[in-house]
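Here's the letter readout for the chains.
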Protein chains: 2
Amino acid sequence: MASLKECSKQQLVSMKAQLDKQYEDFKARGLKLDMSRGKPGAVQLNLSNGMMDVLKPDGDMRAQDGTDVRNYGLLDGIPEAKQMFADILEMSPDEIIVGGNSSLNMMYDTVQRAMQFGVYGSEKPWNQCGKIKFLCPAPGYDRHFAICELFGIEMITVPMLPDGPDMDMVEQYVNNDPAVKGIWCVPIYSNPDGITYSDQVVRRFANLEPKANDFRIFWDNAYVIHHLFEDHDTLLNLMAECKKTGKEDMVFTFASTSKITFPGAGIAALGASKNNVEYLKKLLAIQTICGDKINQLRHMRFFKDADGVRAHMKKHAEILAPKFQIVLDHLSRELAPLEAATWKEPKGGYFVSVYTLDGCAKRTVQLCKEAGVVLTGAGASYPYGKDPHDANIRLAPTFPPNEELELAMELFCLCVKLASVEKLLAE
Amino acid sequence: MASLKECSKQQLVSMKAQLDKQYEDFKARGLKLDMSRGKPGAVQLNLSNGMMDVLKPDGDMRAQDGTDVRNYGLLDGIPEAKQMFADILEMSPDEIIVGGNSSLNMMYDTVQRAMQFGVYGSEKPWNQCGKIKFLCPAPGYDRHFAICELFGIEMITVPMLPDGPDMDMVEQYVNNDPAVKGIWCVPIYSNPDGITYSDQVVRRFANLEPKANDFRIFWDNAYVIHHLFEDHDTLLNLMAECKKTGKEDMVFTFASTSKITFPGAGIAALGASKNNVEYLKKLLAIQTICGDKINQLRHMRFFKDADGVRAHMKKHAEILAPKFQIVLDHLSRELAPLEAATWKEPKGGYFVSVYTLDGCAKRTVQLCKEAGVVLTGAGASYPYGKDPHDANIRLAPTFPPNEELELAMELFCLCVKLASVEKLLAE
C-alpha cells in the first residue's frame, strides 16, 4: 500500500468504505479496554506481592538506626530508605527526604509551598510575585501541567527535540525572564515520548543563569531505572553537574516506587541540595509528623538495597518489553506503509508516543472510545490540553493483558487510518 | 503537710534544702525518659502487630467494590474504610475522604487549600482576605497552633471552661468579626485537658451565625473512641446538629488510626458535607492520585468494621488506664496536700493537664529536663507558646513503661514542689 497522502480521492473513498466496515465489526464486539494511564498490569503487581508479609507480627520492627518504625519519628524517612533513594538518584542520603506514597503529591506540595512561602533563597513567596511562569517541555506529563493550571502559573510550551527540550528556548526564557520560576522535566524516558536528555542537554541545564534567583528545575525522575532492555539509556547526573557550576540549589528531584512496587502504595522521595532540604524540613515539620515508616521498612526488607530494586526492575522489563513490542509491531505493520503516523521507540518508561497526521489525534481517540478502547485524551500531553497540531496520542501499553493489547492496537491502527482518510477526504 | 502558700519563709527554706538534696540524688541517677509527646507505648503497638501480615502474598487484594488495591484509583478511599470512618464519626460514607497516614497532614492541607483557593463558598482565597484570624481554645494542641503561626493567621486565645471553650467569647468573635475564619477544636478528651464538650456547647457551635460566610470549625476528633473506662464521655454529633440548623458546610472533621494502630502508619480521614467533599475532591485530584489503599485494606481486614476498632480500643484502655492512675496517684499524694498544683482527671485521650502555681511551669519543665525527664515544653499548649500564667504542663503518660513512668512522676512532683518553693521564696 502506498502513502495515504499519495492516494487519489477515489482510492480514499474506497478505502474508507472498507475501514468503516471493519470499524463497525469492531464496535459490534463490545470491547471495554483501558489504555489511558501508565498503570502496571496485574502480573507486574504480583512481582511485589512478597512485600505483603515481609514484616512479621513477631519480627524485628526497627530501622537500621534502632527506630521503632511503628511509632512517630524520623520526619525525612528511615536511613536505609534514604540510602536506597540516594543510590538510585546518585545523590547523598542527606539530600533525600522520603515522603508518603506519591511523588506527584511531593511535587504538588513543593509548588504549593513555593507559592505560599517561597523556596530557599526566595525574596518573597511566589504568590506575591505577580504573574509567574513555568516552562513546559511538550509533549509532557499532563499532571505536571494540571498543577500549574490550578495555581494559575502561566505555562510556556517548549518543544521536545530528539535529545531533550529545546535548550536554546529554555536558556532564552530562564536567563532573561524573571517571571520564569520553574521547568518541568521527565529527563529519562520522558512521558510520553520516551526521550532521554543527552549529556549536553543536562550540562546546559546545570549552566543556566536564571534571571529569577529562586528558579527551580523540577526533575521528575519517574523512570530513572525503568529500562526495558539491557541496552538502556543513561542520564547524566544533574545534581553532580550543578555542583560543578555551583547551582545545586536550583534542582528538585523526585522519584517513587509507584511503578516498582505498588502504585499508590509505594514510597516517594524528593532529592535536593542541603540548603533546600533544610528549608523544606522546617516547613514539613509543621505539615506532618512523619511518613509511613512501616511501609518504608517493608520496602527495604523486601529489596535490601538499590541493587535489589534494580534486579526487581529486570523482572518488570521481562513483562513490559513484549508489550511494547506488540505496540510497535502493530504500528510498523499497519501505519508505516501508509505513512499515517510516526512514533518513538523508547528503551524504557511507560509510553509509546504516536504522532498522527495533523488534525487526526482527537478524532482517533474519539473513534477508539466509541468502539470501547479508552486512550489518554488527545492533547493531554500539552499545556492547557492544547496540542497545536492535534497529532500526539500517548499509548500506555502496560495495563492490559497481551491479548487485549493486541486487540486494542488493532482497533487503534484502524482508527488512525479511518481518521486520516476522513481528514484527507475533507481537504 | 499544709498548703505551701501558708508556709512560713523558714519552713520554705528548710523544705527547699530537703528538696534540693532529693533533686541532686535524682540527677545522679542519670535518667533519660521522654514524656513529651502523645506516643503509644510498645505494648500498645504490639496490639496491632497482627496487621503486619494480615494481607498475604497469594491472598485476595480486592476491596469490597472489586478494586485491586495494589493499583491506582479511588481518590477518596476504599468503600469499607469510608464506611468505618463514617460509623466512628457518625457521618455518611459520602461525607468521608480517606487520606494518607496523618490527620494532621489533612488539617494542614485543608488550611493551605483554604489559604490558596478558599473553601466551598469562599468569595476569595484566604490569602487575599488581609489579616485573618482563628480562635484557639487554650490550652490546646500545639501543632494546630503551629499551622496558624506558619500561615500568619492571627490566633485569638479562647479560655477552656469545664464543658468546652468559652462559647460566649466564641459567638462574640465568630458572629461579628469577618476576619475570623476558623476555630480549632479537640471536642472529646481535649488535648491537653481531657475535656469533652457538653451537648450545649456542641449545639451552640451548630447555631453559630458566622460573619465570614466561609468560616470553618476544624473539629479534630482525634480521641473520638479513645476511652479509658467503660464509663466514658460522649460527644454530641456536631454534623447532625449542623444539619438541623442548615450549617453543615461549616464543619471539617478529622480522625485517624494513629493511636489505634500505628502512629505514622495508620490511616486518616476527613469528614465534611457533600458540598465540601465535592469541592475538596476536585483539588485533591490535582494534588495526588490516591491514598495508600493497601494500608486501608490492611486495616479493614484486621478490624473488619467500626465495631472491630471499638473492641480493639478496649485493649488500649486496659494498658492505658493504669498509666493514668499512676500519674493521678502521684499528683494526689505528692501535690494535693501542698496545694502545689491542680489537674484534670480525664476519662480518655492521651494527656493529664497539670496547673502549677502561676509562674512555675517553665521552671518545673526545666528542672525535669536537667534531671533527665523531657516533658512537653511549658507554654506549648497556648498560641505562640505563651501561657499567660506560666502554669500549664501537659503530661503524656502513654509512652514510658510503668516503672519508668513511676520514676518520672516522682521526679515531676519533686520538681513542681521545688519550683513552687523557689517561687514563693522569691516573692
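This structure is a prediction, so every number in the text was calculated from the model and none was measured. (Residues numbered from 1 in each chain as written. Chains lettered and ligands numbered in written order. Predicted model: local features only at pLDDT ≥ 70, side-chain atom pairs only at ≥ 80, totals over all residues. Heavy atoms only, no water.)

Chemist: What should I look at first to understand the environment of Asn275(A) in this one?
Modeler: Residues and elements named next belong to chain A. Residue position: Asn 275 is located in helix 9 (residues 274-287). Along the primary structure Asn 275 and Asp 60 are separated by 215 residues, whereas in three dimensions their C-alpha atoms are 35 Å apart. Beyond its immediate chain neighbours, meaning those up to four positions away, Asn 275 contacts Tyr 120 and Asp 249. Here Tyr 120 takes part through its side chain, which lies 3.4 Å from a polar atom of the side chain of Asn 275. (Helix = DSSP H or I, 4+ residues; strand = E, 2+ residues; numbered from the N terminus. Contact = heavy atoms within 4.5 Å. Polar contact = N/O pair within 3.5 Å; in protein donor to acceptor, adjacent residues only side chain to side chain.)

Chemist: Just checking my understanding: could you explain the pairing of strand 11 (residues 352-356) of chain B for this structure?
Modeler: Looking along a regular strand, one sees side chains alternate from face to face of the sheet. All names here are of chain B. Most of strand 11 sits out of view: five of its five residues are buried. Residues Val 352, Val 354 and Thr 356 point to one face of strand 11 and Ser 353 and Tyr 355 to the other, with burial holding for every one of them. Pairing of strand 10 (residues 341-343) with strand 11, which is carried by three bridges, proceeds in the antiparallel orientation. Opposite Thr 342, over in strand 11, you have Tyr 355 as the bridge partner. (Buried < 20%, exposed > 50% of the residue type's maximum accessible area, 1.4 Å probe, protein only. Pairing = 2+ DSSP bridges.)

Chemist: When you look at the sheet that holds strand 7 (residues 216-220) of chain B in this model, what are you seeing that I'm missing?
Modeler: In sheet architecture, strand pairing relies on hydrogen bonds along the backbone and comes in two forms, parallel and antiparallel. All names here are of chain B. Reading across from one edge, 2-9-8-7-6-3-4-5 is the order of the eight strands in this open sheet, with mixed pairing throughout. Each edge of the sheet is formed by a strand with only one pairing partner; in this case those strands are strand 2 (96-98) and strand 5 (164-165). Pairing of strand 7 with strand 8 (residues 251-256) involves four bridges; the strand directions are parallel. Among the inter-strand pairings, Phe 218 is bridged to a residue of strand 8, identified as Phe 252. Those strands touched by helix 3 (residues 79-89) are strand 2, strand 8 and strand 9 (268-272), and its axis lies near 125 degrees from that of strand 2. (Axes fitted to C-alpha atoms, helices over the stretch in contact; angles between N-to-C directions.)

Chemist: Help me understand helix 11 (residues 306-335) of chain A, please; the structure alone is not making it clear to me.
Modeler: Since there are 3.6 residues in each turn of an α-helix, residues three or four apart along the chain are aligned in direction. Residues and elements named next belong to chain A. Taking 1.5 Å per residue, 30 residues should reach 44 Å; helix 11 reaches 40 Å between its end C-alpha atoms and fits that length. The sharpest bend along helix 11 comes to roughly 30 degrees, located at Ala 317. By the N-cap criterion, in which a side-chain oxygen at the helix start approaches the backbone nitrogen of a residue two or three places on, helix 11 is capped by Asp 305, the distance to Asp 307 being 3.1 Å. (Expected span 1.5 Å × (residues − 1). Bend = angle between axes of the 7 residues up to and from the residue.)

Chemist: Before we go on, may I ask you to explain the interface of chain A and chain B in this structure?
Modeler: As a measure of interface size, the accessible area lost when the parts come together is often cited. Counting residues at the interface gives 56 residues for chain A and 56 residues for chain B. Together, the buried faces of chain A and chain B total about 4,600 Å²; carbon and sulfur atoms form 55% of this surface. When residues of chain A are sorted by the area they lose upon contact with chain B, Met52(A), Arg70(A) and Tyr72(A) head the list and together hold 17% of the total. Taken together, chain A and chain B are joined by zero salt bridges. Inspection of the chain A/chain B interface yields 18 residue pairs in polar contact (both at pLDDT 80 or more). Those elements that provide at least two residues to the side of chain A that touches chain B are helix 2 (42-46), helix 4 (103-117), helix 5 (142-151), helix 9 and helix 10 (293-303) of chain A. Take the side of chain A that touches chain B: its biggest share by element is nine residues, from helix 4 of chain A. (Buried area = accessible area lost by both parts, 1.4 Å probe. Salt bridge = Lys/Arg side-chain N within 4 Å of Asp/Glu carboxyl O.)

Chemist: Even after reading the chapter, I still don't get the packing of helix 3 (residues 79-89) of chain A against helix 10 of chain A, so can you show me in this structure?
Modeler: Helix-helix packing: each pair is described by the crossing angle between the helix axes and the interaxial distance. All names here are of chain A. The contact between helix 3 and helix 10 brings their axes to 9 Å, and the two run at 60 degrees. Our classification of the angle between helix 3 and helix 10 gives oblique. Regarding helix 3 and helix 10, the two cross each other, and that crossing is left-handed. Contact residues: helix 3 offers Glu 80, Ala 81 and Met 84, while helix 10 offers Gln 296, Leu 297 and Met 300. (Parallel < 35°, antiparallel > 145°, perpendicular 65-115°, else oblique. Left-handed = near helix turned anticlockwise from the far one by under 90°.)

Chemist: Help me understand the confidence of the model for chain A, please; the structure alone is not making it clear to me.
Modeler: In low-pLDDT regions, the fine details of the predicted coordinates are not to be read closely. Here chain A shows a mean pLDDT of 97. Residues at 70 or above account for 100%. The ipTM, which scores confidence in the relative placement of chains, is 0.97 for this predicted complex, and the corresponding pTM is 0.97. (pLDDT = per-residue confidence, 0-100.)

Chemist: Would you mind going over the side chain of Asp390(B) with me for this structure?
Modeler: By secondary structure assignment, the location of Asp390(B) is in the loop between strand 12 (373-375) and strand 13 (392-395). Lys362(B) is the oppositely charged side chain nearest to the buried, salt-bridge-free Asp390(B), at an N-O distance of 5.1 Å. (Lys, Arg positive; Asp, Glu negative; His and termini not counted.)

Chemist: What is the right way to look at the relation of the copies chain A and chain B in this model?
Modeler: Overlaying chain A with chain B gives an RMSD of 0.0 Å, the required rotation being 180 degrees about an axis along which the chain moves by 0.0 Å. With respect to symmetry, the two chain copies, as superposed, fit the operation of a two-fold axis. Ranked by how close their C-alpha atoms come to the rotation axis, the residues of chain A are headed by Asp53(A), at 2.2 Å. With an isologous cut-off of 70% or more, the 100% of interface residues of chain A that recur at the interface of chain B puts this contact in the isologous class. (Least-squares fit on C-alpha atoms with pLDDT ≥ 70 in both.)

Chemist: What exactly am I supposed to notice about unusual backbone geometry here?
Modeler: Note: most peptide bonds trans; most residues except glycine with negative phi. At the junction of Ala138(A) and Pro139(A), the peptide bond is cis and its omega measures out at 5 degrees in the coordinates. Looking at where Pro139(A) falls in the secondary structure, it is placed in the loop between strand 3 (133-138) and helix 5. For the peptide bond that leads from Asn191(B) to Pro192(B), omega is 10 degrees, which places it in the cis range. Among the secondary structure elements, Pro192(B) is positioned in the loop between strand 6 (180-185) and helix 7 (199-206). Positive phi, close to 50 degrees, is recorded for Glu339(A), a residue that is not glycine. In this structure, Glu339(A) sits in the loop between helix 11 and strand 10 (341-343).

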